[in-house]
Amino acid sequence: MYMEDTIAAISTPQGTGGIGIVRISGEKAFAIAGKVFRGKKPFEQLKSHTVSLGKIIDPQSGAMVDEVLLSKMVKPHTYTREDIVEINCHGGTAVIRKILELVIKEGARLAEPGEFTKRAFLNGRIDLSQAEAVIDLINSKTKESSRAAAAQLEGKLSRKLKAARDRLIELIAHMEVTFDYPEHDIEEVTGREVYRETKEIKETLCELARGFEKGRILREGLNAVIVGRPNVGKSSLLNELSGKNRAIVTDIPGTTRDVIEEYIDMNGIPVRIVDTAGIRETSDVVEKIGVERTQKEINEADLVIMMVDAAEGIKEEDWAILQTVRDKKLVVLINKVDLAEQRVIGEIEEKLAGYGPIRTSIKEEKGLDQLENAITRLFVKGEINPNSEVLVTNVRHKSLMDDAVRSLSEAMASYEAGMPLDCIAIDIKNAAESLGQITGESVSEDVMHRIFSRFCVGK
Ligand SMILES: Nc1nc2c(ncn2[C@@H]2O[C@H](COP(=O)(O)OP(=O)(O)OP(=O)(O)O)[C@@H](O)[C@H]2O)c(=O)[nH]1
Ligand SMILES: [Mg+2]
């Protein structure tokens, strides 16, 4: 750990922009800024949390590098809880690099990815799960996923976990007192209390963990693949859903040869949607490869949208395709209903009754709302409302929560088997330890390194 030294980085993205930001944090931040910045007032006289206009001067040559706005923030009310300086300069690559170079020459060190946030954690401003929420917020692709990350950053998840952990620790303390009293009946009374309390805490954690699937979908999105015989309208559906003319559409079966993907926002869920080559027996080499890729996409998909043609009815090949996707979450569309008689559509519907098919016509833009709703229902039971509930979105958190639940189940089983309290206490300690790793009360250097290396430099 190098908490003593001062770090600096470019916090804005690579490339040219209107402005660029160089950020400095640490003991020497003000001394360094004082050397390279010339404003109306000397740097020491600038007030905390104010912005000042001035110039960046190369102290060695005396040359002016850029005109900038500088923010001075005195600890502890800063992002890292250390002294921070942010230099807003013109966002050309050369200028911003030059400023960073000067700052480093004056004694700062180039920050590692996520190091500003890591300091915020190590200095106790946020806990580990909040630090992770910062990355999620940066990476989130839809309004809902960013809201879930913001709630986590605010500490909603931390508070729940901390409360559960505190209860466990209290329980352990309570048990330890009884170890000093060998009388049997005290142990018995305590045992019953411990059991009841353990059960309650376990239920709270299970409830939280149940939000994970929803949370994961918000964060990572769904992988959906459109399959069906050639010419049923797969590419048309991709174009319609994405609002782009992304895939070539013709009335020649076998038009799409490769997989084509688009990202869309479906009722707040980020969906990667993939159009594939129509599946059929073929001797065409290119088309064959396309069909193989389709199979690979199906294997990796969270959801399959299978299309059949209302005008052509259900063929042998449709049943074959249904067979290959039978283990997947599935939505079946009867497309081109504008071309078929009601009676014929009804017959197809009957044959597919087990799949709850949806009638669509992409040409007439029919049935697409039902499709979106069916997908949302398949993955999210009830409304997604990240405002009112705490969503666990992080795999690390989920698996530690599962560990805690497992330990608590073991504690309960031990009690039921009539084991002594000190045995049960070990399981409860393990559960508290797992929860502590989520918020960072007990976490190894390795895990920390892994978490912060996912960040971008400058955050
Ligand atoms: N009438 C009608 N035509 C449609 C509908 N959906 C698609 N089509 C037409 O059907 C033909 C095939 O559409 P595509 O989207 O290329 O079909 P595909 O499934 O991607 O076909 P391949 O790439 O060959 O597998 C095109 O001429 C579309 O305009 C629909 O709902 N109604
Ligand atoms: Mg196509």
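All of these numbers come straight from a predicted model, not from anything done at the bench.

Draft legend 1. Highlighting the overall build of the protein. Within the protein, the regular secondary structure consists of 16 helices and 13 strands. Relative to the compact-globule value of 23 Å for 459 residues, the protein shows a C-alpha radius of gyration of 30 Å, a clear excess of over 25%. When the backbone C-alpha atoms are referred to their principal axes, the protein occupies close to 80 × 80 × 35 Å. When the 459 residues of the protein are sorted by exposure, 41% land in the buried category. Taking the contacts inside the protein whose residues are at least 6 apart along the sequence as the reference set, 67% of them involve residues at least 24 apart.

Draft legend 2. Structural context of the site of ligand 1. Neighbouring residues of ligand 1: 24 residues in total, closest G233, S235, S236, T256 and G278. In terms of residues, the shell around ligand 1 owes the most to one element, helix 9 (residues 234–242), which gives 3 residues. For the shell around ligand 1, the residue count by class is 7 nonpolar, 12 polar and 5 charged.

Draft legend 3. Just the packing of helix 14 (residues 395–416) against helix 15 (residues 421–439), in detail. Where helix 14 contacts helix 15, the two axes come as close as 8 Å, and the packing angle between them is 170°. With respect to each other, helix 14 and helix 15 are oriented roughly antiparallel. Residues H397, L400, D403, A404, S407, L408, E410, A411, S414 and Y415 of helix 14 lie in contact with helix 15, whose contacting residues are C423, I424, D427, I428, N430, A431, S434, L435, Q437 and I438. Within the contact of helix 14 with helix 15, the residues separate by chemical class into 11 nonpolar, 6 polar and 3 charged.

Draft legend 4. Highlighting helix 5 (residues 143–154). With 12 residues, helix 5 should reach 16 Å at 1.5 Å per residue; the first-to-last C-alpha distance of 16 Å fits that figure. Among the residues of helix 5, E144, S145, A148, A149 and Q152 are the ones counted as buried. Summarising the axial view, the buried residues of helix 5 lie within an arc of 140°, below the 170-degree limit, and thus occupy one face. Packing partners of the buried residues in helix 5 comprise helix 4 (128–139), helix 6 (156–179), helix 8 (212–220) and strand 10 (269–275). One or two positions beyond helix 5, positive phi appears at G155, with a value near 105°.

Draft legend 5. Focus on the environment of G191. Locating G191 in the fold gives a position in helix 7 (residues 184–210). Look at G191 and you get partly exposed, because 19 C-beta atoms sit within 10 Å. Placed 16 residues apart in sequence, G191 and M175 show a C-alpha to C-alpha distance of 8.2 Å.

Draft legend 6. Looking closely at the environment of R81. Its place among the elements puts R81 in the loop between strand 5 (64–73) and strand 6 (84–90). Taking the C-alpha atoms as reference, R81 lies 6.3 Å from A120; in sequence the two are 39 residues apart. In this structure R81 touches K75, P76, A120, N123 and R125, once residues within four positions along its chain are discounted.

Draft legend 7. Molecular detail of the domain arrangement of the protein. Per the domain assignment, the segments of the protein are domain 1 (7–111), domain 2 (130–211 + 392–452) and domain 3 (218–379). In this structure, domain 1 and domain 2 have C-alpha centres spaced 42 Å apart.

Draft legend 8. Broad picture of the sheet that holds strand 5. Pairing is mixed in the open sheet, where 7 strands are placed in the order 3-4-5-6-2-1-7. This sheet does not close on itself; its edge strands, each paired only once, are strand 3 (37–39) and strand 7 (109–110). Examined bridge by bridge, strand 4 (residues 50–57) and strand 5 share 8 bridges and lie antiparallel to one another. For G54, the partnering residue across the bridge sits in strand 5 and is V68. Those strands touched by helix 2 (residues 93–105) are strand 1 (7–10), strand 2 (19–25), strand 4, strand 5, strand 6 and strand 7, and its axis lies near 15° from that of strand 2.

Draft legend 9. Structural context of the nonpolar core. Counting residues in hydrophobic clusters, the biggest one holds 114 residues, and the most contacted among them are V22, I24, A33, I99 and V103. The element best represented in this core is helix 15, accounting for 8 residues. Non-local contacts of V103, meaning those with residues more than four positions away in its chain, are made with A8, V22, I24, I32, V36 and A108.

Draft legend 10. Region of the structure containing the sheet that holds strand 11 (residues 303–309). The strand order across the open sheet built from 6 strands is 9-10-8-11-12-13, with neighbouring strands paired in mixed fashion. Among the strands making up the open sheet, the edge pair consists of strand 9 (260–266) and strand 13 (358–359). Relative to strand 10, strand 9 runs antiparallel, the two sharing 7 bridges. Bridging across to strand 10, E261 finds its partner in V274.

Draft legend 11. Main features of helix 8. Those residues of helix 8 not exposed but buried are K214, G215, I217, L218 and R219. Here the buried face of helix 8 lies against helix 4, helix 5, strand 8 (222–228), strand 10 and helix 13 (368–379). Once helix 8 ends, the next one or two residues include G221, with phi positive near 85°.

Draft legend 12. Layout of the packing of helix 4 against helix 5. At a minimum axis separation of 8 Å, helix 4 and helix 5 run at an interaxial angle of 155°. The angle between helix 4 and helix 5 places the two elements in the roughly antiparallel class. In this structure, the crossing between helix 4 and helix 5 has a hand that is left-handed. From helix 4, S129, Q130, A133, V134, D136 and L137 reach across to helix 5, where they touch S146, A149, A150, Q152 and L153. For the contact of helix 4 with helix 5, a count of residues per class yields 6 nonpolar, 4 polar and 1 charged.

What counts as what
- Residues numbered from 1 in each chain as written.
- Chains lettered and ligands numbered in written order.
- Predicted model: local features only at pLDDT ≥ 70, side-chain atom pairs only at ≥ 80, totals over all residues.
- Helix = DSSP H or I, 4+ residues; strand = E, 2+ residues; numbered from the N terminus.
- Rg over C-alpha atoms; globule rule 2.2 N^0.38 Å.
- Buried ≥ 20, exposed ≤ 12 C-beta atoms within 10 Å, placed from the backbone.
- Contact = placed C-beta atoms within 7 Å.
- Near = placed C-beta within 6 Å.
- Nonpolar A, V, L, I, M, F, W, Y, C, P; charged D, E, K, R; others polar.
- Axes fitted to C-alpha atoms, helices over the stretch in contact; angles between N-to-C directions.
- Parallel < 35°, antiparallel > 145°, perpendicular 65-115°, else oblique.
- Expected span 1.5 Å × (residues − 1).
- Arc of directions from axis to C-beta.
- Domains from an automatic or database assignment.
- Pairing = 2+ DSSP bridges.
- Core = buried A, V, L, I, M, F, W, Y, C linked by C-beta atoms within 7 Å.
- Left-handed = near helix turned anticlockwise from the far one by under 90°.

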